[in-house]
Amino acid sequence: MAEDAMLDGQPGKYEKGEDSGLSGEDASTSAGQERDKKEEVSPKRSFGEKVKGMWAKTGLNVPTVLLMAKGGLPPVIALAMFQSTSVAALFPTLGYLLGIVSVLGFCIMPRAKFIQTMFLDVISVCLGTAIGLLESYCAVKARQHTTPPLPPGATPPLVPPYNSSASAVCAIWLFVQVYAVNCFRAKFPQFAFPTIIYCIFANVTSTYATQFPTVKYAMSFEKTLLEVFLLGLGIATAVSFLIFPVSTRKTVLKQFEAYIGGMRGCLKAEVAYFQSLEDAESFRASITQAKEDEAERTPQAKAVKGAVNALQAQHGKLHGDLTFAKREIAFGKLGANELKSMFEMHRRCILPLIGLSAVIDIFEHLNELNAINETAPEGGWQEAEEELRKQTVEDWVDYMRHLHVNFADFADVIDEGLEHVLLVLQFKKPEKKKQKKGEPDAAASGNEDIEERAEDTRPGSTGFAEYLERRANKFHSGKEIALRTWCEHRGIDLAPDFFDHPATATYSLHVGEQDETYQRHQIRQRQLYMLLYMEYLLHQTAKSVLAYVRFVDDVKSSGKLSRKRFLMPGKKRIIKWIQSIFKTQDVPDDNDHTGPDVGGNTKSVELGSAYRQRKDPEHLPPENWIERFGDNIRVIPAFFRSPESAFGLRVALATISIGIVAFLADTQHWFLEQRGIWALIMVAISMNPTAGSSIFSFLLRVIGTTFAMLVSWCIWYIPDQKTPGILVFLWLFVTMALFIPLKKPQFIIVGMISIVTTTMIIGYQIEVRKVGKQRATSNGQPFYPVYEFAPYRLATVIVGLTTAFIWTVIPYPITEHSQIRKGLGGALYLSANYYSIVHELANSRIRGDEGNPDDKKSPGHRLEKARVKVFSKMMLALNGLRAYSGFQKWEVPIGGRFPRKEYNGIINHVQGILSFMSLVAFASQSFRQTEQEPGSHWTEDFRRVMESANFTSHNITSLLSLMSAAISGGLPLPPYLKTPKPYQLSDRLEEIDKDILSVRHINEPCYAAFAVIQISTRCIVRDLDHLLTHVKSLVGELDFSFHVVSTSDDSSEITLWETAKTVRTREKRD
């Protein structure tokens, strides 16, 4: 339909000329050549190449292997230290905890994150000691007050008898502590490791405090436990600082390097995709609708989408790590301000690259509008329709051939610009240019331009910025080729100097162009806007890279890259860091925090107070002190019904379900004897607030624990039970097991449980060997050889894992599916927030009331800062959802299958909306620039006309908010909900000024920006329409219609009106 056309501008009137496209012979020849290329047999890969390919798939490199080796050292060092008699004498029965705590110190974190986490770990241990002393004091006093005094001269027993009062006190303390600390953990994800360590401390104290006879004995035990934990954390700290130290700044710089490499790879993938559109057959295959199923896309399109997704994931991770890098004390070259500016440059570069990748989605939308690949209806296509479809493809192929040559050349120049950045920032060493043997000298042959041959035009040289700017301007003028081609297809003959003097130059229209159909006119207008869209974004990519090149040149000229210096965070930054510790934060990566369950959402995103706080419909705001006091009282029940309280209660119930065995008379001795404390430790490690229950994750945990048992046998017996060999094999296993937290964070719990289980088994055996069986069993725990001990530990750990799984299901299941549903609702909420910000930002730029963007108090600066913040949050959320959804294909469903296709469709369309909204904000900068640097008279008129044409809609914000609430709560959508109609921006502009979009102005900068906004707003509506369809299929739609279906043959349905009339008739009779 004409009103559904994506692009409806009108440069010029309906002017028709001779169509110039690919002839059938040319198209078939090109297609045949393409098929011949595909049929070429690739040479067989050698064994060495296969091994290299397998190694590349693992993602391992030398720094990662060294980091894994570093992570395997703390438990080995802890157990090696225990071979010292003086160390073993300090804690003879708790030595195995030393290795476990050193593992939980997680020394492989970058320095700034490690220091913050270690600081919190030490606080949690000290707090646990203080509360443990108070708990032990209460338990001892309860025992003393309920135990009759011994007769005179009687000797107290070595093992105190069971006391119900002391056990009850310890059970209450354990329940309250586990509940409180896990509520805190659910509220602040950055406290994952400290809360786990605290839970282990509380579990050990509570189970042993039931047998403390005196306060002095309790203090001695707590002192030993404190020393064990602090020594384990100290070992992790020493390894972190001394063995292959890795600063957060170094990690961030590596990420910047990888980010630049990702941009270069993305640009190359886009060039290859555009090249694939030069053949009619490939073009038809490339524009097939495949947003819900990526497998249907062509290899070139998959490569582009894969490169962009990887780039967005890198952006989200860098956003989280950059905060710590700016706070770190370091000895380096680039300060916090330089790192911040570099990240801003990267963000400026990624937006047009994302926009270029969105060409795939736009072509798919064009296919929907033009029915290029649709199956012919019964009776076939009409001759005119078939000719129009064929001509459309031929036009596009011709355009892409003209565009690709210029595009590929300029992409190489942009790639050189990014290489210049790598060289200047010393991320890459300059390569010496070697002339091939037999190759003629370009200078001698005269085939090389003197300017291009000059030394200062190479990447890394001082004059490269000017060279890049000249090439960028040259490309910008080269877009005239594509525009002239479009005019030729439209039957418009332009004067040779038309683009130099568009206001006065002449152009002629072919006779008969006014007879062109409206449908054909719309198709060609879309083609024009697409050409301008691609040219604008590539030119903006070049401008962003040029700004990056100038920035690094300025940093180099300032002398900051010539020498290293001490870098200290400022006072303001330190204060912000301290304040941020106790604020809810985004958790960008589970390499740094124990994250979700297997396959769980690896990203925890804080959505802001507005998402969680709700206005109370039952209470008005308080007006006096009595009402305010009552509001404070109501905070208590509000806390207890919060999700954080629910998670804390689940963990507390899971802990006490096992711990109750330690507090009953008939089972207390058995619990301590069989080391049931290990099951409690597994509960503390395995339960997580951002993960739900799944059979597959539970089975993987059991398999990981079983594997750890088998490995412990190998570690113990392969070196013939020799301690040095055992320690070497333990280091080797922990090193290999750390591959999971580093490279497969969705399996992090499995990896940690395997490492902790193996360390417990081996650590206990080494402890007994050192202190002797008599002293090791002095606490009443019998000794088992490793071939018996390992299966016992396996059974204990499985009990803990099973209990944790059960309490994730009871009283109602928190499934992983529900977690992704709520995460998707949060992403839709962020989309609504982001759209509202872009709406105001774009309109303020067009109105001219944005203010100075460099002024931190100006409206434009504050809106841009808010936009960037929400943009990064959405990147983080979508990356986590995409990874989680991809893992669901391995899930074992109970009942119906998980609607993975619908969820993938929603994720992809939300990603599309985010990309196109960002492009609207990005393109609107052109209108701001015209105010600062006034251009032509047309530019000022165009900007003035755009002020009165509202091209964004608040209805989209409302619709996204409704869908977010429906997905989050699992509620049906309101009835008759529809997406807003695409805004007829071109028609609106022509109503105001009929000559505003004339062909004379197609080379104006704002004209291309207008094309980007026009395409983006239409694609937002298109993605929103598909998004609404998917959400309706998931949650349903309220249906208030009333239908009575008859079972008779002559009548199948009675309408609502007929039914109402029948009811009224019966009421009268009654």
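The structure displayed is predicted, hence computed values, not measured ones.

How each quantity is defined
- Residues numbered from 1 in each chain as written.
- Predicted model: local features only at pLDDT ≥ 70, side-chain atom pairs only at ≥ 80, totals over all residues.
- Heavy atoms only, no water.
- Helix = DSSP H or I, 4+ residues; strand = E, 2+ residues; numbered from the N terminus.
- Buried < 20%, exposed > 50% of the residue type's maximum accessible area, 1.4 Å probe, protein only.
- Contact = heavy atoms within 4.5 Å.
- Areas by Shrake-Rupley, 256 points an atom, 1.4 Å probe, with all protein chains shown as cover.
- Lys, Arg positive; Asp, Glu negative; His and termini not counted.
- Salt bridge = Lys/Arg side-chain N within 4 Å of Asp/Glu carboxyl O.
- Polar contact = N/O pair within 3.5 Å; in protein donor to acceptor, adjacent residues only side chain to side chain.
- Core = buried A, V, L, I, M, F, W, Y, C linked by side-chain atoms within 4.5 Å.
- Patch = residues over 30% accessible without salt bridge, like charges linked within 9 Å, V, L, I, M, F, W, Y side chains within 5 Å.
- Charge placed at Lys NZ, Arg CZ, Asp CG, Glu CD.
- Phe/Tyr/Trp six-rings, centres within 6.5 Å; stacked < 30°, edge-to-face > 60°.
- pLDDT = per-residue confidence, 0-100.
- Axes fitted to C-alpha atoms, helices over the stretch in contact; angles between N-to-C directions.
- Parallel < 35°, antiparallel > 145°, perpendicular 65-115°, else oblique.
- Left-handed = near helix turned anticlockwise from the far one by under 90°.
- Nonpolar A, V, L, I, M, F, W, Y, C, P; charged D, E, K, R; others polar.

**Regarding the overall build of the chain**
For the chain, the count of helices and strands is 42 helices and 6 strands. For the chain, the proportion of its 1070 residues judged to be buried stands at 53%. Long-range contacts, defined as pairs at least 24 residues apart, comprise 84% of the intrachain contacts of the chain with a sequence gap of at least 6. Accessible surface computed for the chain: about 48,900 Å², of which carbon and sulfur atoms make up 59%.

**Quick look at unusual backbone geometry**
Residue Phe 244 is not a glycine yet carries a positive backbone phi of 45 degrees. Here Phe 244 is to be found in the loop between helix H10 (215-242) and helix H11 (248-276). The residue Tyr 976 is not glycine, and still its phi comes out positive at about 60 degrees. Along the chain, the position of Tyr 976 falls in the loop between helix H39 (954-969) and helix H40 (985-992).

**Quick notes on the side chain of Arg 249**
With respect to the element layout, Arg 249 can be found in helix H11. Put simply, Arg 249 is tucked away with no salt bridge, and the nearest opposite charge, on Glu 328, sits 4.6 Å away. Side-chain polar atoms of Arg 249 contact the backbone oxygen of Leu 334, separated by 2.4 Å. When neighbours within four sequence positions are excluded, Arg 249 is seen to be in contact with Ala 325, Glu 328, Ala 330, Leu 334, Gly 335, Ala 336, Leu 339 and Leu 567.

**Focus: the nonpolar core**
Ranked by internal contacts, the top residues of the largest apolar core, which has 143 residues, are Tyr 533, Leu 960, Met 963 and Leu 1027. Residues contacting Leu 1027, with those up to four places away along its chain left out, are Leu 828, Ile 906, His 909, Val 910, Ile 913, Leu 960 and Met 963. If you look at the next biggest cluster of nonpolar residues, it comprises 109 residues, including Leu 67, Leu 94, Ala 171 and Ile 235.

**Observations regarding a positive patch on the surface**
Together, Lys 340, Lys 572, Lys 576, Lys 583, Lys 856, Lys 865 and Lys 869 make up a region of like positive charge exposed at the surface. When contributions to the positive patch are tallied by element, the ones reaching two or more residues are helix H22 (571-581) and helix H35 (859-887). Here Lys 576 shows up in helix H22.

**Focus on the packing of aromatic side chains**
Within this structure, the stated rule accounts for 20 aromatic pairs. Taking the centre distance of 5.1 Å and the plane angle of 40 degrees together, the rings of Phe 106 and Phe 193 count as tilted. One end of the pair, Phe 106, is in the loop between helix H6 (95-104) and helix H7 (111-146); the other, Phe 193, is in helix H9 (residues 192-208), and 87 residues separate them in sequence. Accessibility classification places Phe 106 together with Phe 193 in one group, the buried group. Among the aromatic side chains, those forming a connected cluster through ring pairs are Tyr 208, Phe 212, Tyr 217 and Phe 221.

**Side note on helix H3 (residues 62-71)**
Every buried residue of H3 is accounted for by Thr 64, Leu 67, Met 68, Ala 69, Lys 70 and Gly 71. In this fold, the buried residues of H3 make contact with helix H4 (73-81), H10, helix H29 (723-737) and helix H30 (739-743).

**With respect to the pattern of salt bridges**
A full pass over the atoms with the stated rule returns 12 salt bridges. The partner of Arg 550 in a salt bridge is Glu 469, and the shortest N-O contact between them spans 2.5 Å. Here Glu 469 lies in helix H19 (residues 464-478) and Arg 550 lies in helix H21 (residues 518-557), a separation of 81 residues in the sequence. For Arg 634, the salt bridge is made with Asp 631, and the minimal N-O distance between the two is 2.7 Å. Residue Arg 634 and its partner Asp 631 are located together in helix H24 (residues 625-640), separated by 3 residues, close to a single helical turn. Judged by its relative accessible area of 25%, Asp 631 is partly exposed. Sharing partners across several salt bridges, the network here consists of Lys 113, Lys 317 and Asp 321.

**What about the environment of Pro 299?**
Along the chain, Pro 299 turns up in helix H13 (residues 299-327). Note on Pro 299: relative accessible area 62%, which makes it exposed. Residues Pro 299 and Ser 276 lie 23 residues apart in sequence; the distance between their C-alpha atoms is 9.8 Å.

**A word on the side chain of Arg 675**
Mapped onto the fold, Arg 675 is located in the loop between helix H26 (668-673) and helix H27 (677-686). Buried charge without a salt bridge: Arg 675, with Glu 767 as the nearest opposite-charge side chain at an N-O distance of 7.3 Å. Filtering out sequence-adjacent residues up to four positions away, Arg 675 remains in contact with Tyr 764, Gln 781, Pro 782, Tyr 784, Phe 789, Arg 793 and Thr 796.

**Overview of the confidence of the model for the chain**
This prediction gives the chain a mean pLDDT of 76; 73% of its residues lie at or above 70. Residue range residues 511-515 is modelled with pLDDT below 50. Its contacts to residues more than four positions away, or to other chains, number 13 contacts. Scored below 50 in pLDDT, residues 1049-1070 makes 13 contacts in the model with residues more than four places away or belonging to other chains.

**Considerations on a nonpolar patch on the surface**
A contiguous nonpolar surface patch, about 460 Å² in accessible area, is contributed by Ile 718, Val 728, Phe 729, Leu 732 and Met 736. For Val 728, the position within the fold is in helix H29.

**Some words on the packing of H11 against H13**
Packed helices, taken two at a time, are described by their axes: the angle between them and the distance between them. Look at H11 against H13: their axes get within 9 Å of each other, and the N-to-C directions meet at 160 degrees. Judged on the interaxial angle alone, H13 and H11 are roughly antiparallel. For the crossing formed where H11 meets H13, the hand is left-handed. Across the contact of H11 with H13, the residue classes tally to 19 nonpolar, 7 polar and 4 charged.

**Quick notes on the environment of Thr 457**
Note that Thr 457 resides in the loop between helix H18 (450-453) and H19. Taking the C-alpha atoms as reference points, Thr 457 and Tyr 467, separated by 10 residues in sequence, lie 5.8 Å from one another.

**Some thoughts on the environment of Arg 847**
Structurally, Arg 847 can be placed in helix H34 (residues 816-847). With relative accessibility at 40%, the residue Arg 847 sits in the partly exposed group. Distance from Arg 847 to Phe 927, taken between C-alpha atoms, is 9.0 Å for residues 80 residues apart in sequence.

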